[in-house]
Amino acid sequence: MEKTSPASPGTTAPCPVRTRKWSDSQPAGLEHMGRSREDHCGPEASAMPTCALPRMGSDPVLLKTPAPLGSVADSLRASDGQLHAKAPTKPPRTPSLVLRDASGRPPTYCELVPRVPGAQGTPPGHSSPETEAPWWEAEEEEEEESRSFARPQAEVSFCPPNNPSCLLGAQNRPLEPRVLSTLRGLFLEHHPGSTALHLLLADCQATGLLGVTKAQRGAMGVASGLELLTLPHGHRLRLELLERHEALALAGALAVLGCAGPLEERAATLRGLVELALALGPGAAGDLPGLAAVMGALLMPQVSRLERTWRQLRRSHTEAALAFEQELKPLMRALDEGAGPCDPGEVALPHVVPAVRLLEGEELPGPLDESCERLLRTLHRARQMAQDAPKFREAAARRLRGFRPNPQLREALTTGFVQRLLWGSRGVGAPQAARLEKFQRVLSVLSQRLEPDG
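Here the residue index of a chain counts from 1 through its sequence in written order. Only residues with pLDDT of 70 or above have their local features reported here, since the model is predicted, and side-chain atom pairs are shown and tallied only from 80 upward, although totals for entire chains, interfaces and linings are computed over all residues. By convention in this description, side-chain values take in all heavy atoms of the structure and omit both hydrogens and water.

As annotated in an unreviewed UniProt entry, the chain is SH2 domain-containing protein 3A isoform X4 from Panthera pardus.

Take a look at the structure:
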């Protein structure tokens, strides 16, 4: 065997090399055989210590002198002949690693030439990420080849399935004190900005703005729920959004009316809801359905009649009281009338409740001439929302990028959890009108206990 001369004294000392297992059973390692050492230690390093080359297979002689990395494969000899510099690769041993090529087709073990992680041009150190990105950060694959109308197959629901709850259990009664106490502590642990992002994530999923699967798009014939709710076969989605709006508003009112302690405690709860509404508004989280639900709780008659509580809010938390009167109430009035901000730059999820109520046959209040103008504004806003659905999707994904929600708080803001919290696992199956009327009576009783009339 011909030996190469050692590196000259003037050669720059090689940088430390990570020990690499040269084994014919590791396709990822064989892929790097024959590469220049410059890939690892820079252009000035051309020699590698002999100790970095472990003996492999049945090699009878171990190299005694340093050799360039490019000639290592040519210097190794096995008992059955010369090893090639590029040995045949084997399928990866980790079937859970799914790599896509340009066609988007995942690799299979039936391929003649399996694709290994390094063959896809993945940057060094990022070939096998430890954790996958959450679904709300995943890039949606747009189907460029099919731009024609797709006939809808069935009505689609974006409410997640009733998975086992870590807070409520398999069966629960309405308004369990233990669960209410846990939720109060959970919301106190998160500042309004964090809670607003949790609510934005839940609202985007319930509306069908983020996380829509290819099967759901094919079933509904459009790309998002903002488009579906304006179509005739969006009836189920419209009912779900109305149910969610009412349930969240009732839960927010319960947070205030359930404070049987000192007056300051109820005033602090009001302040927390006002700060959450500000965090949900345009320019912040931009979750207008969440903002509408919180404002619905604050404007509910059982809450607005608490004069002593609101007086304490103005005395102890003046800034929150002023923001509610001068900023939030005019904004909510404009949004309900089909006006207000709806630019995808400052809004991530538009206010859909007026259009949903109108499309479900509810009459608009007010004089006839005003209601006609409001009708036209609402319909125009609904059409604009459907056209700008891709822009809203981008705005919502941008706000949620890098966000890692608390699992319990995320569950607590889902529609199914709020329904079970308010009516129990058995009562949630009752008709909606009966459930809402019953809970309104419960809130009226709680409000009277806090501040009786007269």
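Next comes the rest of the account.
Right, let's get into the layout of surface pockets. Note on definitions: the grid is 1 Å and covers protein atoms alone; a cavity is a set of points where a 1.4 Å probe fits but cannot get out; a pocket is an open set with protein on both sides within 12 Å along at least five of seven lines; lining residues have an atom within 4 Å of a point. Grid points are joined across faces, edges and corners, and a volume is the space filled by probe spheres set on the points. In this structure, the second largest pocket occupies an estimated 1100 Å³ of space. Lining the second largest pocket are 39 residues, and of these F187, A251, A255, T269 and L273 lie nearest its centre. Helix and strand assignments follow DSSP, with helices taken as H or I runs no shorter than four residues and strands as E runs no shorter than two, numbered in order from the N terminus. Contributing elements (two or more residues each) for the lining of the second largest pocket: α4 (177–189), α5 (192–207), α8 (235–257), α9 (263–280), α10 (288–298), α18 (415–427) and α19 (432–450). For the lining of the second largest pocket, the leading source of residues is α9, giving 8 residues. Its residues assigned to classes, the lining of the second largest pocket comprises 26 nonpolar, 8 polar and 5 charged. Residue type decides the class: Asp, Glu, Lys and Arg count as charged, Ala, Val, Leu, Ile, Met, Phe, Trp, Tyr, Cys and Pro as nonpolar, and the leftover types, Gly among them, as polar.

Let us now look at the packing of α10 against helix α13 (residues 318–336). Fitted lines through C-alpha atoms give the axes, limited to the stretch in contact for helices. The angle between two N-to-C directions lies from 0 to 180 degrees. Across the interface, α10 lies against α13 with an axial gap of 11 Å and an inter-helix angle of 115°. Two packed elements cross with a definite hand, and for α10 against α13 that hand is left-handed. Contact residues: L288, L291, A292, M295 and L298 in α10; F324, L328, K329, L331, M332 and L335 in α13. For the contact of α10 with α13, the per-class residue count stands at 10 nonpolar, no polar and 1 charged. A clockwise turn of the near helix away from the far one marks a right-handed crossing, whereas an anticlockwise turn of less than a right angle marks a left-handed crossing. Working rule for contacts: check all heavy atoms of both residues, and any pair within 4.5 Å makes them a contact.

L250, L291, M295, L298, V303, W310 and L443 are the most contacted members of the largest nonpolar core, which totals 82 residues. With 11 residues, α8 is the largest single contributor of residues to this core. Residues in contact with L250, not counting those within four places in the same chain, are M300, L422, W423, L436, F439, Q440 and L443. Only buried residues count toward a nonpolar core, which is a set of Ala, Val, Leu, Ile, Met, Phe, Trp, Tyr and Cys residues joined through side-chain atoms within 4.5 Å. Note on classification: 1.4 Å probe, protein chains only; a residue is buried when its accessible area is under 20% of the maximum for its type, exposed when over 50%, partly exposed between these limits. Counting residues in hydrophobic clusters, the runner-up holds 7 residues, among them L168, V179, L183 and A412.

So, about the pattern of salt bridges. Whenever a carboxyl oxygen of Asp or Glu lies within 4 Å of a side-chain nitrogen of Lys or Arg, that contact is scored as a salt bridge. Summed over all chains, the structure comprises 11 salt bridges. The residue E240 makes a salt bridge to R236 at a minimum N-O spacing of 3.5 Å. Residue E240 and its partner R236 are located together in helix α8, separated by 4 residues, close to a single helical turn. Of the charged contacts in the structure, one is a salt bridge between R435 and E243, with a shortest N-O distance of 3.0 Å. Residue R435 is found in helix α19, and its partner E243 is found in helix α8; the two are separated by 192 residues along the sequence. Considered together, R435 and E243 belong to a single accessibility category, that of buried residues.

Attention now moves to a positive patch on the surface. Each patch is built from residues that are more than 30% exposed by relative accessible area and take part in no salt bridge. Like charges join if they lie within 9 Å; nonpolar side chains (Val, Leu, Ile, Met, Phe, Trp, Tyr) join within 5 Å. Throughout, the Shrake-Rupley method with a 1.4 Å probe supplies accessible areas, and for residues the shown protein chains are the sole cover considered. Within this scheme the basic residues Lys and Arg register as positive and the acidic residues Asp and Glu register as negative, but His and the chain ends are omitted. By convention, charge coordinates are those of NZ in Lys, CZ in Arg, CG in Asp, or CD in Glu. Residues R308, R311, R314 and R315 make up a contiguous surface patch of positive charge. Inspection of the secondary structure assignment puts R314 in helix α12 (residues 307–316). The exposure class assigned to R314 is partly exposed, which follows from its relative accessible area of 44%.

Tallied over the full model, the rule gives 6 cavities of 30 Å³ or more. As a volume, the largest cavity reaches approximately 110 Å³. Around the largest cavity, the lining residues are D203, A206, T207, L241, R244, H245, L248, P289, A293, V352 and V353. Considering each element in turn, the lining of the largest cavity owes the most residues, 4 residues, to α8.

The subject of this paragraph is the packing of aromatic side chains. Two aromatic rings, drawn from Phe, Tyr or Trp (for Trp, its six-membered ring), form a pair once their centres lie within 6.5 Å of each other, and the interplanar angle then sorts them: stacked below 30 degrees, edge-to-face above 60, tilted otherwise. Evaluated as defined, the whole model comprises 2 aromatic pairs. Measuring from centroid to centroid gives 5.9 Å for W423 and F439, while their planes differ by 65°, and the two rings are edge-to-face. Pair noted here: W423 is in helix α18 and F439 is in helix α19, with a separation of 16 residues, a long-range link. F439 matches W423 in its accessibility class, with the two residues each being buried. A cation over an aromatic ring shows up here: R435 above the ring of W423, its NZ or CZ 4.6 Å from the ring centre. In this scheme, the term charge over a ring applies when either NZ of a lysine or CZ of an arginine sits within 6 Å of the ring centre and within 35 degrees of the ring normal.

This brings us to the packing of α9 against α12. Packing of α9 against α12 leaves a shortest axis separation of 8 Å and a crossing angle of 70°. Comparing the axis directions of α9 and α12 gives the class roughly perpendicular. On the side of α9, the interface is formed by L263, E264, R266, A267, L270 and R271, while α12 contributes R308, T309, W310, Q312, L313 and S316. Residues that form the contact of α9 with α12 fall into these classes: 5 nonpolar, 3 polar and 4 charged. Angle categories: roughly parallel below 35 degrees, roughly antiparallel above 145, roughly perpendicular from 65 to 115, and oblique for all the rest.

This next bit is on the side chain of H317. By the element assignment, H317 lies in the loop between α12 and α13. For H317, a relative accessible area of 14% translates into the label buried. We define a polar contact as two N or O atoms separated by no more than 3.5 Å, with the added condition that, inside protein, one atom must be a possible hydrogen donor and the other a possible acceptor, whereas residues neighbouring each other in sequence contribute only through side-chain atom pairs. A polar contact of 3.1 Å, which involves the side chain of H317, links it to the side chain of E264. Beyond its immediate chain neighbours, meaning those up to four positions away, H317 contacts E264, A267, A268, R271 and Q312.

Before going further, it helps to spend a moment on the environment of L197. Residue placement: L197 occurs in helix α5. What L197 contacts, discounting residues up to four positions off in sequence, is R399, L400 and F403.

Glancing now at helix α15 (residues 368–387). Along an α-helix, residues three or four positions apart point the same way, because every turn accommodates 3.6 residues. Helix length check: α15 (20 residues) gives 29 Å between terminal C-alpha atoms against 28 Å at 1.5 Å per residue, within 8%. Along α15, the positions that sit buried rather than exposed are S371, R374, T378, R381, A382, M385 and A386. An end-on view of α15 places all buried positions within 130° of arc, on one side of the element. In α15, the exposed positions angled more than 90 degrees off the buried face are occupied by D369, L376, R383 and Q387. Check the buried side of α15 and you find it contacts α7 (225–228), α13, α14 (353–359) and α16 (389–400). Between the first and last residue of a helix there are one fewer steps than residues, each counted as 1.5 Å, and that sum is the expected span. By construction, the arc corresponds to the directions joining the helix axis to the C-beta atoms.

Glancing now at α12. Every buried residue belonging to α12 is among T309, W310, Q312 and L313, and all of these are buried. For α12, the angular spread of the buried residues around the axis is 155°, confining them to a single face. The exposed residues of α12 that point more than 90 degrees off its buried face are E307 and R315. Residues of α12 that are buried make contact with α9, α10, α11 (301–304) and α13.

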